[in-house]
Amino acid sequence: QVQLVESGGGLVQAGGSLRLSCAASGGTFSGRGMGWFRQSPGKEREFVAAVRRNGGNTYYADSVKGRFTISRDNAKNTVYLQMNSLKPEDTADYYCARGSYFYSDPASTREYDYWGQGTQVTVSS
């Protein structure tokens, strides 16, 4: 059974930075794409960033492009999300997810087969 455990969330002032980590265990990691999504109360889960299995192809939501960076360390079965220049509108629960075998649309929640429990990020103004 695949397990994904996020960490690194917390409270930060606007303009600050956080680095989220997602540690995977119990299944294939290096052979799958990985993604980060976020969800605020009353809103649908939205795509933040994704990385293909080799780490060479990355994708970002327009709202975070230039501020967030996704990366992965296949030797450690871990994917990261470096978040800089944080804004109050970045406040949400952040989830990592493992891509499905075909992984044709990294921005779609339907392309992911396992999800973590989430880590909370709060950005104060």
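Preceding this section is the structure that the text describes.
Residues numbered from 1 in each chain as written. Predicted model: local features only at pLDDT ≥ 70, side-chain atom pairs only at ≥ 80, totals over all residues. Heavy atoms only, no water.

Caption draft 1: Focus on the overall build of the protein. Tallying secondary structure elements over the protein gives zero helices and eleven strands in all. Counting from the amino terminus, helix and strand elements in the protein follow one another as β-β-β-β-β-β-β-β-β-β-β. At 13 Å, the protein has a C-alpha radius of gyration in line with the 14 Å of a compact globule built from 125 residues. Referenced to the eigenvectors of the C-alpha coordinate spread, the extents of the protein come out at roughly 40 × 25 × 25 Å. (Helix = DSSP H or I, 4+ residues; strand = E, 2+ residues; numbered from the N terminus. Rg over C-alpha atoms; globule rule 2.2 N^0.38 Å.)

Caption draft 2: Region of the structure containing the environment of Ser25. With respect to the helices, strands and loops of the structure, Ser25 is situated in strand β3 (residues 18-25). Sequence spacing of Ser25 and Gly66 is 41 residues, and the spatial spacing of their C-alpha atoms is 30 Å. Ignoring sequence-local partners within four residues, the contact set of Ser25 consists of Gln1, Val2 and Gln3. (Contact = heavy atoms within 4.5 Å.)

Caption draft 3: View of the sheet that holds strand β7 (residues 68-73). The antiparallel open sheet is built from four strands, whose spatial order is β1-β3-β8-β7. Looking along the sheet, the strands with just one partner apiece sit at the ends: β1 (3-7) and β7. This sheet shows a mean twist of 15° between the axes of neighbouring strands, independent of strand direction. Here β3 runs beside strand β8 (residues 78-83); their pairing, made up of six bridges, is antiparallel. (Pairing = 2+ DSSP bridges. Axes fitted to C-alpha atoms, helices over the stretch in contact; angles between N-to-C directions.)

Caption draft 4: The packing of aromatic side chains, seen in detail. Applying the stated rule across the entire model yields six aromatic pairs. Taken together, the ring pairs in this structure connect Phe37, Phe47, Tyr103, Tyr112 and Trp115 into an aromatic cluster. A cation sits over an aromatic face here: Arg45 above Trp115, 4.9 Å from the ring centre. Stacked on the ring of Phe29, the Lys or Arg Arg72 has its end atom at 4.5 Å from the ring centre. (Phe/Tyr/Trp six-rings, centres within 6.5 Å; stacked < 30°, edge-to-face > 60°. Lys NZ or Arg CZ within 6 Å of the ring centre and 35° of its normal.)

Caption draft 5: Molecular detail of the side chain of Glu6. Here Glu6 shows up in strand β1. The buried charged residue Glu6 lacks any salt bridge partner; its closest oppositely charged side chain belongs to Arg45, at an N-O distance of 7.4 Å. Of note is the side chain of Glu6, whose polar atom sits 3.1 Å from the backbone nitrogen of Gln117. A polar side-chain atom of Glu6 sits 2.8 Å from the main-chain amide nitrogen of Gly118. Leaving out residues up to four positions away in the same chain, Glu6 has contacts with Ser21, Cys22, Trp36, Tyr94, Tyr95, Cys96, Gly116, Gln117, Gly118 and Thr119. (Buried < 20%, exposed > 50% of the residue type's maximum accessible area, 1.4 Å probe, protein only. Lys, Arg positive; Asp, Glu negative; His and termini not counted. Salt bridge = Lys/Arg side-chain N within 4 Å of Asp/Glu carboxyl O. Polar contact = N/O pair within 3.5 Å; in protein donor to acceptor, adjacent residues only side chain to side chain.)

Caption draft 6: How the structure looks around the nonpolar core. Within the largest apolar cluster, 32 residues are counted, with the highest numbers of intra-cluster contacts made by Trp36, Val48, Phe68, Val79, Leu81, Met83 and Tyr94. Of all the elements in the fold, those that place two or more residues in this core are β3, β4 (34-39), β5 (46-51), β7, β8, β9 (92-99) and β11 (119-124). The element contributing the most residues to this core is β5, with five residues. If we skip the residues at most four places from it in the chain, Tyr94 touches Glu6, Leu20, Trp36, Phe37, Arg38, Val48, Phe68, Leu81, Met83, Gly118, Thr119 and Val121. (Core = buried A, V, L, I, M, F, W, Y, C linked by side-chain atoms within 4.5 Å.)

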